[in-house]
Amino acid sequence: MKFVDAHIHLSDEEYAGVVGDVLAEAKNSGVVALVSNSMDLKTCQGTLELAKRDPGMVYAALGIHPWTVKGLEEDELNRVLQLISEQRGDRAFVAVGEIGLDSKYPEIWDKQVRVFDLMLRLAEKLGLPAVIHSRGTTEQIVDMLPSYNLKKVLLHWFSNPISILGKAVERGYYITEGPLATYSSGIRDVVKRVPLTNLLTETDGPVRFFKKPFEGKRTTPAFIPTVVDAFAEVKNMNVEEVADQILRNFQDFFGVKLD
Ligand SMILES: [Zn+2]
């Protein structure tokens, strides 16, 4: 079986010095491709470097995360916008991400909205999918999105409100879920409700997971087969069928062809 990690942060400091090990673990567990997301200028540069070093395995999502907006200077913002525009046409550059809004930081709300708007316009201009973080802001974001002409939308780690899932799926949005699908009833409910054709697997590493079988371990794409098992269990489907569909979804969503 072949697996994919549609959302990880491989250029995060926590992976510094161990990216080779993490990629080897991924390959050994059957993971054939992953999308490394960015947060700011430094992680955009790091992501691009990793994608160049391991073409066909590491794909790049470039953007500014709502968490890094607080300390973001105008100069850095402009440099990120320029860097992203320069990658136009690069086959490894598959999405604008991770971008979004987070209700936990109301003190920088206006700035978050401004940066998110710039990122969405960029995704629109480049004709690339948008990978969206929407903690506490999903309804607002889903309301905003129709005013942009976006190719594709991925709501990463969707948790709530469940009531909005129908609208998101109707519009063709994709949802990623990860290790929590093995033990969180809320996340399992999302996996159950979203058609398999709109689902993707992720780890969001280096985010850590504190329950078995992940506790005490560095988050790695090697967790993905366990996530696929959980999806298959929830959907009451054959694991291979689930893995194959997710592989197809990854290629359709990011517009890549995996061998
Ligand atoms: Zn993330």
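This write-up is about the structure you can find in this document.

Cut-offs applied
Just so you know, the residues in each chain are numbered from 1, in the order the chain's sequence is written. Where totals are concerned, whole chains, interfaces and linings use all residues; where local detail is concerned, this predicted model gives features only for residues with pLDDT of at least 70, and gives and counts side-chain atom pairs only at 80 or more. The side-chain values count all of the structure's non-hydrogen atoms but skip hydrogen atoms and water molecules. One speaks of a salt bridge when a side-chain nitrogen belonging to Lys or Arg is within 4 Å of a carboxyl oxygen belonging to Asp or Glu. Strands are runs of DSSP state E lasting at least 2 residues, helices are runs of H or I lasting at least 4, and numbering of each runs from the N terminus. The classification of residues rests on relative accessible area computed with a 1.4 Å probe and restricted to protein chains. Under 20% of the type maximum is buried, over 50% is exposed, and intermediate values are partly exposed. The contact criterion used throughout is that any non-hydrogen atoms of two residues lie within 4.5 Å. Only N, O and S atoms count as donors, using a 2.8 Å limit from the metal and a wider 3.2 Å limit for Na, K and Ca, and since water is excluded some coordination spheres may look unfilled. Square planar and octahedral assignments, for four and six donors respectively, both demand that opposite donors be over 155 degrees apart and that all other angles lie between 65 and 115; tetrahedral needs four donors with all angles between 85 and 135 degrees, and anything else is irregular. Here, strands pair whenever DSSP counts at least two bridges between them. Lines are fitted to the C-alpha atoms to define the axes, a helix being fitted only along its stretch in contact, and any angle between axes, read from their N-to-C directions, falls within 0 to 180 degrees. Angular relationships are summarised with four words: roughly parallel below 35 degrees, roughly antiparallel beyond 145, roughly perpendicular across 65 to 115, and oblique for the angles in between. A clockwise turn of the near helix away from the far one marks a right-handed crossing, whereas an anticlockwise turn of less than a right angle marks a left-handed crossing. Side-chain classes follow a simple rule in which Ala, Val, Leu, Ile, Met, Phe, Trp, Tyr, Cys and Pro form the nonpolar group, Asp, Glu, Lys and Arg form the charged group, and the remainder, Gly included, forms the polar group.

### Side note on the pattern of salt bridges
- Scanning the entire structure with this criterion turns up twelve salt bridges.
- Arg-121 is paired through a salt bridge with Asp-117; the nearest N and O atoms lie 2.9 Å apart. Of this pair, Arg-121 and Asp-117 both sit in helix α4 (residues 109-126), four residues apart, which is roughly one turn of the helix.
- The partly exposed category is assigned to Arg-121, whose relative accessible area is 46%.
- Across the pair Asp-189 and Arg-193 runs a salt bridge whose closest N-O atoms are separated by 3.2 Å.

### Examining the side chain of Thr-138
- One can find Thr-138 in helix α5 (residues 138-144).
- The residues contacting Thr-138, other than those within four sequence positions of it, are Phe-158, Asn-160, Pro-161 and Ile-164.

### Re the coordination of the zinc ion
- Here the zinc ion is held by the protein donor atoms His-7 (NE2), His-9 (NE2), Glu-98 (OE) and Asp-204 (OD), which lie 2.1 to 2.2 Å from it.
- Coordination at the zinc ion is irregular, judged from the four donor atoms that bind it and the angles of 87 to 177° they form at the metal.
- Donor residues for the zinc ion, ordered by position in the chain, follow H-x1-H-x88-E-x105-D. Residue His-7 is found in strand β1 (residues 3-8), and its partner Glu-98 is found in strand β4 (residues 93-100); the two are separated by 91 residues along the sequence.
- According to the relative accessible area criterion, His-7 is buried, its value standing at 0%.

### Concerning the sheet that holds strand β5 (residues 130-133)
- A sheet is described by the order of its strands in space; here eight strands give the open sequence β1-β2-β3-β4-β5-β6-β7-β8, paired in parallel fashion. Each end of this open sheet is capped by a strand with a single partner; those strands are β1 and β8 (199-201). Along the sheet, successive strands turn relative to each other by an average axial angle of 25°, direction set aside.
- With three bridges joining them, strand β3 (residues 58-62) and β4 adopt parallel strand pairing.

### So, the packing of helix α3 (residues 74-86) against α4
- The geometry of α3 relative to α4 is characterised by a closest axis approach of 11 Å and an angle of 15° between their N-to-C directions. The orientation of α3 relative to α4 falls into the category roughly parallel. Of the two elements, α3 crosses α4, and the hand of that crossing is right-handed. Along the contact surface, α3 presents Glu-74, Leu-77, Leu-81, Ile-84 and Ser-85, while α4 presents Arg-114, Leu-118, Met-119, Leu-122, Lys-125 and Leu-126.
- The residue makeup of the contact of α3 with α4, split by class, is seven nonpolar, one polar and three charged.

### Quick word on the environment of Gly-100
- With respect to the helices, strands and loops of the structure, Gly-100 is situated in strand β4.
- Along the backbone, Gly-100 and Trp-67 are 33 residues apart, and their C-alpha atoms lie at a distance of 9.2 Å.
- When residues no more than four places from it in sequence are discounted, the contact partners of Gly-100 are Pro-66, Gln-112, Phe-116, Ile-132 and His-133.

### Some details on the environment of Ala-181
- One can find Ala-181 in the loop between β7 (174-177) and α7 (185-193).
- Taking the C-alpha atoms as reference points, Ala-181 and Asp-229, 48 residues apart in sequence, are found 9.3 Å from one another.
- With residues near it in sequence (within four places) discarded, Ala-181 still touches Ile-187, Arg-188, Val-191, Ala-230 and Phe-231.

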